[in-house]
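The chain contents come next:
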Amino acid sequence: MKKTPVFLESLVTNMLRLRAICPFSWRVFQFRPISCEPLIIQMNKCTDEEQMFGFIERNKAILSEKQVGCAFDMLWKLQKQKTSLLKNAEYVRDHPQFLTLHNLATNKFKLMNDDTLVNVLYVTQQFAGEAHDPLVEALVTEAWRRLERFDIKLLSEFSSCLADQHLYFSPLMGKIADIVHRNLETTQDLSSLSVLMVNISSLISRHFQQQLVNKTELLFDTIDSSEVNVAKSIAKFLRNVRYRYQPLLERCNNVFLSNVDHLDLDSISKILSVYKFLQFNSFEFIIMAKKKLTEMIPLCNHPASFVKLFVALGPIAGPEEKKQLKSTMLLMSEDLTGEQALAVLGAMGDMESRNSCLIKRVTSVLHKHLDGYKPLELLKITQELTFLHFQRKEFFAKLRELLLRWIQHDHMYLDNMTAKQLKLLQKLDHYGRQRLQHSNSLDLLRKELKSLKGNTFPESLLEEMIATLQHFMDDINYINVGEIASFISSTDYLSTLLLDRIASVAVQQIEKIHPFTIPAIIRPFSVLNYDPPQRDEFLGTCVQHLNSYLGILDPFILVFLGFSLATLEYFPEDLLKAIFNIKFLARLDSQLESIGGMDGTQQQIFKMLAEVLGGINCVKASVLTPYYHKVDFECILDKRKKPLPYGSHNIALGQLPEMPWESNIEIVGSRLPPGAERIALEFLDSKALCRNIPHMKGKSAMKKRHLEILGYRVIQISQFEWNSMALSTKDARMDYLRECIFGEVKSCL
């Protein structure tokens, strides 16, 4: 036998001594390379959590940091393979062997490589039960220490872990934003960049925001058309920074349209939410989303999923689908959480649904959870219930109490209920004014406008808002002009200074304005019935800029653009050809909405007119004209000012004839006996006039012009006049109607 060399004997002796002194180090050194692969293969063969926990129990003494990371990964993969009803995160989290794995990770995290470290952090957060898990804190601290060496993929994954902890404004997220900024020029991975953009969006400057948008445009063609998640992240980023950037939104929309069959309820819901917030319209996506969501109605039998479906589908559903949604929601309403009830209420507001049974059920749930809502949620509840005409004294009493507590931070209330309401309104008004007066930039003010509905603004605050916008008028430019114009359209407030500035910006900066922003810019001039000094140049420039895009414009938008220009008596030839086109009309046909019947007030007026004119056969209600305007009431007087009857085929209350004037048996078509005149009586509500001055808005003015072209004598009666003290009795109203119809009065505004 050969003798072992002396140096080898010495080496073995030293290693044995080392093993005796430090058995842990010896185990790591000697056996990890041999056992690593087989153990990981064993883990990959596990088909459920019990097998995994058995594996951890048998091998806990020899698991390396890599194997610990693999064990976390396997447990999460097993969870993801299950349906939502079968997921058992709590069972996994509370299992003794998960605690064993948790402790192993606590002891070994510093030895983990970067990928394993971040992955263990992610999985631990998914199972975490404690608000402040010591392991999560340790992993975040270690990742922060290594941050500069993370590649962009790992950086995006780590930023998502921070986002899950709502650390959007943390110094650590700020550090990530700085790294992204420094490396933006060399970044080529749009998938990772889009996630980072969402997570750092709360911390970036306007300049950095634009850099990210530009980089995204450059890299967009590098992603596959099936990359729905990337498109979703980009759309979410634009929503977070409140930037309706049409080119990127259109490209994202094309990705969604290409993959609509693979979109689930959650994805469609989020996409529609982004589109609504950014006021981005996609006719094709809404049609496809509506079809897919409608198919899901019988499949959603759990409150959480059905609420999501109700919120997404409700505002775009047809009458039958809305009926299904409401009836199903009625059955589920008692099982709603406070958050779900709030979401349903918001959707009902969007649907303009005043279903009294459903409102009562939803408010019953809201009432139980009122103490748990945040102040802004309480304000939203107040706004939506006011819009839905809900009246319940005890509910509003508690709502008022909570709002006062929020504002005053104490329980000192006035005894008189009316005084309480007044004091609350005064305080809300006061704080609203303060917020507006302290605005120091148009950019910050724009963020406020995004979450506000101009038509629900109190008069005093609206005055202050317009004054603030006028103060920053010189800052209106091609970037924000569309948003400012959209807000003004919704206020019904005529500010010639702001409208003149919008027109000026459009003319001077037209090349920088995205063509699809043009309809929003034109709209306030139409709504408020106002011609700027450079009217023809303004409208001509806008229409010319949009002409080459008419063929791809959303049908809704194209029709509304034509309507807006018609109210301004501007009729561009290319636009008319695009609208009065068989293919276009076929696309639009499915979107036509039915016209409803009369409400109680209209029926009361109908009866009064019947008395004034000598019978119900002398007045028609809800008449549809060749221009497809609906006239509230119509009558015909002969040359001696005597009412002419329509005959026995007069339509019922609230019913429309199949063709215009079809029911006129004695008066065929638009032909009248010599000297006779057709009279249209229109009752104008508050929406027909500007809020700050008695100036008729564009829609009502155009309707009057069209009816006069058709040969009507148009009598327009304002609700302010009709509901005034002078007309507080039935006799006074009857006399007023006689004067309008038989006298020489052309308009009763």
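Because the structure is predicted, anything quoted here is derived from the model rather than measured.

Engineer: Which parts of the structure should I look at to understand the overall build of the protein chain?
Structural biologist: Looking only at helices and strands, the protein chain has 36 helices and four strands in total. Classification of the 749 residues of the protein chain by burial places 48% in the buried group. Excluding contacts between residues fewer than 6 apart, the proportion of contacts in the protein chain whose partners are at least 24 apart in sequence is 72%. When the accessible surface of the protein chain is split by element, carbon and sulfur atoms take 54% of a total near 39,100 Å².

Engineer: What is the right way to read the packing of helix H27 (residues 496-508) against helix H28 (residues 518-527) from this model?
Structural biologist: The relative placement of two packed helices comes down to the angle between their axes together with the axis-to-axis distance. Remark: H27 packs on H28, axes separated minimally by 11 Å, with the N-to-C direction vectors making an angle of 145°. Where H27 crosses over H28, the handedness of that crossing is left-handed. For the pair H27 and H28, contact is made by Leu499, Ile502, Ala503 and Ala506 and by Ile521, Pro524 and Phe525, respectively. Residue classes in the contact of H27 with H28 are distributed as seven nonpolar, no polar and no charged.

Engineer: Is there a simple way to think about the pairing of strand E4 (residues 712-718) in this case?
Structural biologist: Every regular strand shows the same layout, with side chains that alternate between the two sheet faces. Extensive coverage of E4 is indicated by the burial of seven of its seven residues. Side chains of E4 alternate between two faces, with Tyr712, Val714, Gln716 and Ser718 and Arg713, Ile715 and Ile717 buried alike. With seven bridges joining them, strand E3 (residues 677-684) and E4 adopt parallel strand pairing. Of the residues in E4, the one forming a bridge with Glu682 is Gln716. Since E3 and E4 lie parallel, the crossover through helix H34 (residues 698-709) that links them has a hand, and here it is right-handed.

Engineer: What is the right way to look at the side chain of Glu142 in this model?
Structural biologist: Positionally, Glu142 belongs in helix H8 (residues 134-146). In terms of polar contacts, Glu142 uses its side chain to reach the side chain of Arg146, at 2.9 Å.

Engineer: Before we go on, may I ask you to explain the packing of aromatic side chains in this structure?
Structural biologist: Between two aromatic rings, the relevant description is the distance of the centres plus the angle of the planes. Summed over all chains, the structure comprises 19 aromatic pairs. Here the aromatic cluster, defined as three or more aromatic residues joined through ring pairs, consists of Phe72, Trp76, Phe98, Tyr122 and Phe127. The cationic tip of Arg239 hangs over the ring face of Phe277; the distance from NZ or CZ to the ring centre is 4.1 Å.

Engineer: Whenever I open this one, the sheet that holds strand E1 (residues 620-624) confuses me. Can you help?
Structural biologist: Pairing between sheet strands relies on hydrogen bonds along the backbone, with the strands arranged either parallel or antiparallel. Sheet architecture is open: four strands sit in the order E1-E2-E3-E4, paired in mixed fashion. Taken across any chain shown, the strands that pair with only one partner, and hence form the sheet edges, are E1 and E4. Here the strands of the sheet are splayed against their neighbours by 40° on average, with no regard to which way each runs. Bridge count for E1 against strand E2 (residues 630-637) is four bridges, and the pairing is antiparallel. Within E2, the position partnered with Val623 by the bridge is Val631. Strands in contact with H34 are E2, E3 and E4; relative to E4, the strand with the most contacts, it is inclined by about 155°.

Engineer: In this structure, what is going on with the environment of Gln211? I would like to understand it.
Structural biologist: Among the structural elements, Gln211 can be located in helix H12 (residues 206-219). Between the C-alpha atoms of Gln211 and His181, which are 30 residues apart in sequence, the distance is 8.9 Å. Aside from chain neighbours lying at most four places away, what touches Gln211 is His181 and Leu184. Only 3.3 Å separates the side chain of Gln211 from the side chain of His181, close enough to count as a polar contact.

Engineer: How should I be thinking about the packing of helix H10 (residues 171-183) against helix H11 (residues 190-200) in this particular structure?
Structural biologist: Between H10 and H11, the least distance of the axes is 10 Å, while the angle of their chain directions is 135°. The angle between H10 and H11 falls in the class oblique. Note on packing geometry: the crossing formed by H10 with H11 is left-handed. Contacts from Met173, Ile176, Ala177 and Val180 in H10 reach Leu193, Leu196, Asn199 and Ile200 in H11. Of the residues in the contact of H10 with H11, the class split is seven nonpolar, one polar and no charged.

Engineer: Would you explain the environment of Pro515 in this entry?
Structural biologist: Within the fold, Pro515 resides in the loop between H27 and H28. By relative accessible area, which is 7% here, Pro515 ends up buried. Residues Pro515 and Tyr549 lie 34 residues apart in sequence; the distance between their C-alpha atoms is 7.4 Å. Residues within four places of Pro515 in sequence aside, it is in contact with His545, Leu546 and Tyr549.

Engineer: Quick question: what am I supposed to make of the pattern of salt bridges here?
Structural biologist: Should their charged atoms come close, side chains of opposite charge can pair. Evaluation of the coordinates by the stated rule reveals 30 salt bridges. Of the charged contacts in the structure, one is a salt bridge between Arg93 and Asp94, with a shortest N-O distance of 3.9 Å. On the basis of relative accessibility, which here comes to 25%, the residue Arg93 falls in the partly exposed class. Put simply, Arg149 and Asp114 hold a salt bridge, and the shortest N to O gap is 2.9 Å. Placement of Arg149 in the loop between H8 and helix H9 (152-164) and of Asp114 in helix H7 (residues 114-127) is noted, with a sequence separation of 35 residues between them. Residue Arg149 is classed as exposed on the basis of its relative accessible area of 53%.

Engineer: Would you mind going over the nonpolar core with me for this structure?
Structural biologist: Nonpolar side chains in soluble globular proteins tend to be buried together. Ranked by internal contacts, the top residues of the largest apolar core, which has 131 residues, are Phe158, Ile176, Leu309, Phe310 and Ile381. Leave out the neighbours within four places in its chain, and Phe158 touches Val118, Leu121, Val140, Ala143, Trp144, Leu147, Phe150, Leu172 and Ile176. Residues Met473, Leu546, Leu565 and Leu575 belong to the second largest nonpolar core, which totals 52 residues.

Engineer: Is there a simple way to explain H28 in this structure?
Structural biologist: Working note: α-helix, 3.6 residues per turn, so residues spaced by three or four point in the same direction. Across the ten residues that make up H28, a large majority, nine, are buried. Buried within H28 we find Ile518, Pro519, Ala520, Ile521, Ile522, Pro524, Phe525, Ser526 and Val527. Looking at the buried positions of H28, the neighbouring elements they touch are helix H26 (481-491), H27, helix H29 (535-546), helix H30 (555-567) and H34. Remark: Asn529 follows H28 within two positions and exhibits a positive phi of approximately 60°.

Engineer: Hey, could you run me through a nonpolar patch on the surface in this one?
Structural biologist: A contiguous nonpolar surface patch, about 350 Å² in accessible area, is contributed by Phe571, Leu576 and Phe580. As for its placement among the helices and strands, Leu576 is situated in helix H31 (residues 573-579).

Engineer: I tried to follow the confidence of the model for the protein chain on my own but got confused; where do I start?
Structural biologist: Residue-level pLDDT values for the protein chain average 81, and 81% of them are 70 or greater. Contacts for the low-pLDDT stretch residues 648-669, under 50 throughout, to residues beyond four places or in other chains number 53 contacts.

Engineer: Sorry, what's going on with unusual backbone geometry here?
Structural biologist: Most peptide bonds take the trans form, and the phi angle of most residues other than glycine is negative. With phi around 60°, Asp492 is a residue other than glycine that occupies positive phi space. By secondary structure assignment, the location of Asp492 is in the loop between H26 and H27. With relative accessibility at 10%, the residue Asp492 sits in the buried group. Here Asn529, not a glycine, exhibits a phi torsion of approximately 60°, which is positive. Among the residues examined, Asn529 registers a relative accessible area of 25% and is labelled partly exposed.

Engineer: For this particular structure, what's the right way to read the side chain of Gln340?
Structural biologist: In this fold, Gln340 is placed in helix H19 (residues 338-351). The buried category is assigned to Gln340, whose relative accessible area is 16%. Not counting residues within four places of it along the chain, the set of residues in contact with Gln340 comprises Pro303, Ala304, Val307 and Asp335.

Criteria and thresholds
- Residues numbered from 1 in each chain as written.
- Predicted model: local features only at pLDDT ≥ 70, side-chain atom pairs only at ≥ 80, totals over all residues.
- Heavy atoms only, no water.
- Helix = DSSP H or I, 4+ residues; strand = E, 2+ residues; numbered from the N terminus.
- Buried < 20%, exposed > 50% of the residue type's maximum accessible area, 1.4 Å probe, protein only.
- Contact = heavy atoms within 4.5 Å.
- Areas by Shrake-Rupley, 256 points an atom, 1.4 Å probe, with all protein chains shown as cover.
- Axes fitted to C-alpha atoms, helices over the stretch in contact; angles between N-to-C directions.
- Left-handed = near helix turned anticlockwise from the far one by under 90°.
- Nonpolar A, V, L, I, M, F, W, Y, C, P; charged D, E, K, R; others polar.
- Pairing = 2+ DSSP bridges.
- Right-handed = clockwise from strand over helix to strand, strands pointing away.
- Polar contact = N/O pair within 3.5 Å; in protein donor to acceptor, adjacent residues only side chain to side chain.
- Phe/Tyr/Trp six-rings, centres within 6.5 Å; stacked < 30°, edge-to-face > 60°.
- Lys NZ or Arg CZ within 6 Å of the ring centre and 35° of its normal.
- Parallel < 35°, antiparallel > 145°, perpendicular 65-115°, else oblique.
- Salt bridge = Lys/Arg side-chain N within 4 Å of Asp/Glu carboxyl O.
- Core = buried A, V, L, I, M, F, W, Y, C linked by side-chain atoms within 4.5 Å.
- Patch = residues over 30% accessible without salt bridge, like charges linked within 9 Å, V, L, I, M, F, W, Y side chains within 5 Å.
- pLDDT = per-residue confidence, 0-100.

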